[in-house]
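So the chains spell out like this:
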Amino acid sequence: MKNSEIARVFHDMADLLELKGENIFKIRAYRRAAQVIEHLPKEMAIMLEQGEDFQKIPGVGDAIAKKSTELIKTGKLEAYESLKAEFPEGITRLLEIPGIGPKTAPLLSSELKITSAAQLEEAIQEGKVADLFRMGDKTAQNLLHKIEAMRRKDQRIPIGQALPIVEDILSSLSSLPGVKNMTSAGSLRRFRETVGDIDIMGTADNPENVINEFVAFPVVKEIIAKGPTKASVILAPGLQADLRMVEHDSFGSLLQYFTGSKQHNIALRTKYQKKGLKLSEYGITDVAHDRLEKFATEEAFYKRLGMQYLPPEIREDQGEIELSEEHAIPRLIDLRDIKGDFHAHSDWSDGNNTIEEMALAAKNEGYKYMAITDHSKGLGIAHGLTEERLKEQVREIRGLNQKFKGFRILSGMEVDIRADGSIDMPDHMLAELDCVVGAVHSSFNQSEERVTRRILKAIENPHVDIIAHPPSRLIGEREPTAVDMEAVFKAAVKYKKALEINAMPSRLDLKDIHIQRARELGVMLAIGTDSHIAAQLKLMRFGIGIARRGWCEPKHILNCLSLEKVLAFFKR
DNA sequence: GCCGTTTTCGGCCCGACTGTTTTCAGTCG
């Protein structure tokens, strides 16, 4: 059983316990454990095999450790099953409707036999809901609006779609007169792979004017709420955006608060509460003297607590608070550390630009090298190269390299790892190349055993240097393959192969927790943009963002090495 | 249910908003 499934059980249990009216702190304990387990870099099933103590996981004590063990060993949990049996099927779905909490859901279920948003809508229209205890006409009508908004608003969208939209908004807002600060917060700033809504924070001499300009932007489809300091809107792609204008002198604590994560903030507040400090979005209050200190910057806020500044990407309550107090947060990788790209296509296969155009674009990024990795013939739809054409391409690249100074095009190929793990290009051809990227493009539904063996076989091939996106997922579209990542990481270390962090916003694969675990085990990671047009080289920043979430320093990333060291790693 | 450089028991993040209420419950972020 995977961590994500274990986490879902505990999340569900928390909901059910809440409906039952259990102790709120018990419920929170289940939620916290679920959240921690979901983001654990290592599978608990493997920890169990290796005899590790679950109680070392923060938020996991005796009871949840035992329950986790039961889940892993039997695939079921007695306590969960009996808890579920106490409630009508589907009641937890009601909790997903905004405005419906643990008190209203049982009320709707027991009084009106409602278990879905559609049924609730109907009951409201028939006037049944307004008559319930502590409800009323206004509450019922608001619920109707919220259900509509929930349908209109799309689910979480990939950061690759959200970020450009937000950057446009930010640049428009920043250019307004009187604006001092303007930045995004929330999961977007922490660079999560998907974002649910957009938070923007700013300060200005005339905040009301800024709000008025904001709601009039063409990208705004609908205004949900608008006041003197805050506006909520729905943007054209079905994304909610909140703009908050605050005082200059408390911008730091507000930005810190709205950047989150929620878990990070709760952990921080709990910790400093014990030391007599009350943390809030307005600043820090010394409880003994009842004096509020304000902070204009996040740096000042963390400094007041004796902490090292924390990059937003790692504020997830996964040990960063303690390390920051010890001033032991490593310097995370940055776009400026990147010396090259290991995954790019040209018009020789399914790319749009010539090799020379791609190389010039890479040189413009300040890179020292770039691998051209067109598809192999296995991928018919992508005009994969035959042996003859690959030989021609190698010759062309040799010629082009004569023209460049201080920049090298690496001859490469993205070869197809067939269903049986074989490579669709003979070894003697691969031996001619600087850099071979192996990737899975078919048979995504193989069993865990088969897909894992398939990828291990590719790793063992002495000519393959990098394995691209092993889980081969597409965010929101295609589920990851069942591959056993732990086995892949160990093989990559053993055979000294790099694993790719694919920077395409629809992939971001490896994902953050995979990166963390791979890094712990000593796997070298290579960021590839998978560019099919020159402009996509700019996608590198998405790879960087996800790598930062995986706590990567330059030493963990192949792209930060000099050309000589890269070639030595490839043993060419 | 978890946790401890004040605690193995007694705490558990903080504040805002809304609507139904006459002082607060419920929900949210």
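Before reading on, note that the structure itself is shown above.
Below is a short write-up of the structure.

Cut-off values and rules
- Residues numbered from 1 in each chain as written.
- Chains lettered and ligands numbered in written order.
- Predicted model: local features only at pLDDT ≥ 70, side-chain atom pairs only at ≥ 80, totals over all residues.
- Heavy atoms only, no water.
- Core = buried A, V, L, I, M, F, W, Y, C linked by side-chain atoms within 4.5 Å.
- Buried < 20%, exposed > 50% of the residue type's maximum accessible area, 1.4 Å probe, protein only.
- Helix = DSSP H or I, 4+ residues; strand = E, 2+ residues; numbered from the N terminus.
- Contact = heavy atoms within 4.5 Å.
- Axes fitted to C-alpha atoms, helices over the stretch in contact; angles between N-to-C directions.
- Parallel < 35°, antiparallel > 145°, perpendicular 65-115°, else oblique.
- Left-handed = near helix turned anticlockwise from the far one by under 90°.
- Nonpolar A, V, L, I, M, F, W, Y, C, P; charged D, E, K, R; others polar.
- Near = heavy atom within 4 Å.
- Polar contact = N/O pair within 3.5 Å; in protein donor to acceptor, adjacent residues only side chain to side chain.
- Patch = residues over 30% accessible without salt bridge, like charges linked within 9 Å, V, L, I, M, F, W, Y side chains within 5 Å.
- Areas by Shrake-Rupley, 256 points an atom, 1.4 Å probe, with all protein chains shown as cover.
- Salt bridge = Lys/Arg side-chain N within 4 Å of Asp/Glu carboxyl O.
- Lys, Arg positive; Asp, Glu negative; His and termini not counted.
- Charge placed at Lys NZ, Arg CZ, Asp CG, Glu CD.
- Pairing = 2+ DSSP bridges.
- Phe/Tyr/Trp six-rings, centres within 6.5 Å; stacked < 30°, edge-to-face > 60°.
- Lys NZ or Arg CZ within 6 Å of the ring centre and 35° of its normal.

**Some points on the nonpolar core**
Ranked by size, the top nonpolar core spans 97 residues in total, and within it Leu 173, Phe 214, Leu 525 and Ile 527 carry the most contacts. No other element matches the 8 residues that helix 10 (residues 159-174) contributes to this core. Those residues in contact with Leu 525 that sit more than four places away from it in its chain are Leu 499, Ile 501, Leu 510, Ile 515, Ala 518, Cys 552, His 556, Ile 557, Leu 558 and Asn 559. With 49 residues, the next largest nonpolar core counts Tyr 80, Phe 87, Ala 140 and Leu 143 among its residues.

**Some points on the packing of helix 1 (residues 3-20) against helix 5 (residues 78-85)**
Viewed as axis vectors pointing N to C, helix 1 and helix 5 meet at an angle of 40°, and their least axial separation amounts to 10 Å. The angle between helix 1 and helix 5 falls in the class oblique. Crossing hand, helix 1 versus helix 5: left-handed. The residues of helix 5 that touch helix 1, namely those facing Val 9, Asp 12, Met 13, Leu 16, Leu 17 and Lys 20, are Ala 79, Tyr 80, Leu 83 and Lys 84. For the contact of helix 1 with helix 5, the class distribution of residues is 7 nonpolar, no polar and 3 charged.

**Observations concerning the protein's contact with DNA strand B**
By nearness alone, 40 residues border DNA strand B, and Gly 61, Gly 99, Thr 104, Asn 142 and Arg 269 come closest of all. Sugar plus phosphate, as a fraction of atoms of DNA strand B within 4 Å of the protein: 73%. Here Ile 64 contributes a backbone N or O atom positioned 3.2 Å from a phosphate oxygen of DNA strand B. One nitrogen or oxygen atom from the main chain of Pro 102 is found 3.3 Å from a phosphate oxygen belonging to DNA strand B. Of all elements in the fold, only helix 2 (24-38), helix 4 (62-74), helix 9 (137-152), helix 14 (262-273) and strand 8 (277-280) reach the threshold of two or more residues within the surface near DNA strand B. Looking at the surface near DNA strand B, its residues break down into 16 nonpolar, 12 polar and 12 charged.

**Looking at a negative patch on the surface**
Negative charge collects at one region of the surface, where Asp 347, Glu 357, Glu 388, Glu 392 and Glu 396 lie side by side. Take the negative patch: its biggest share by element is 3 residues, from helix 18 (residues 387-403). Checked against the element boundaries, Glu 396 lands in helix 18. A relative accessible area of 36% places Glu 396 in the partly exposed class.

**Here we look at the sheet that holds strand 5 (residues 220-226)**
Taken together, the 5 strands give an open sheet; going across it, the order is 2-4-7-6-5, and neighbouring strands pair in mixed fashion. Across the chains shown, the open sheet's two edge strands, defined by having one partner strand only, are strand 2 (179-184) and strand 5. Going across the sheet, the axis of each strand differs from the next one's by a mean of 20°, ignoring polarity. As defined by bridge partners, strand 5 adjoins strand 6 (residues 230-235) across 5 bridges and the pair is classed as antiparallel. Within the sheet, the bridge partner assigned to Ile 223 lies in strand 6 and is Val 233. Lying over the sheet, helix 10 contacts strand 2, strand 4 (197-204), strand 6 and strand 7 (239-245), oriented at roughly 175° with respect to strand 2. Along the sheet, helix 13 (residues 251-259) makes contact with strand 2, strand 4 and strand 7, crossing strand 4 at roughly 180°.

**Remarks on the packing of aromatic side chains**
Counting across every chain of the model gives 11 aromatic pairs. Between Tyr 257 and Phe 258, the ring centres sit 4.7 Å apart and the planes meet at 80°, which makes this aromatic pair edge-to-face. Using a relative accessible area of 28% as the deciding quantity, one classes Tyr 257 as partly exposed. Put simply, the rings of Phe 295, Phe 301, Tyr 302 and Tyr 309 touch in pairs and so form one group of aromatic residues. Just above the ring of Phe 444 sits the side chain of Arg 478; from NZ or CZ to the centre is 3.8 Å.

**Focus: the environment of Glu 553**
Checked against the element boundaries, Glu 553 lands in the loop between helix 23 (540-549) and helix 24 (563-570). Sequence separation between Glu 553 and Asp 337 is 216 residues; the distance between their C-alpha atoms is 9.5 Å. Residues within four places of Glu 553 in sequence aside, it is in contact with Pro 330, Arg 331, Leu 332 and Ile 333.

**Some thoughts on the pattern of salt bridges**
Following the criterion strictly, the structure yields 37 salt bridges and no others. Between Arg 189 and Glu 298 there is a salt bridge, and its shortest N-O distance comes to 2.8 Å. With Arg 189 in helix 11 (residues 186-189) and Glu 298 in helix 15 (residues 298-304), the pair connects residues that are 109 residues apart, well separated along the chain. For Glu 298, a relative accessible area of 4% corresponds to the buried category. Measuring nitrogen to oxygen at the nearest pair gives 3.0 Å for the salt bridge that ties Glu 520 to Arg 517. With Glu 520 and Arg 517 both in helix 22 (residues 512-521) and 3 residues apart, the pair spans about one turn of that helix. Given a relative accessible area of 47%, Glu 520 falls into the partly exposed group. Since its relative accessible area comes to 6%, Arg 517 is described here as buried. Three or more residues are tied together by salt bridges with common partners; here these are Arg 190, Glu 316, Asp 512 and Arg 549.

Remember, this is a structural readout, not a statement about activity or role.
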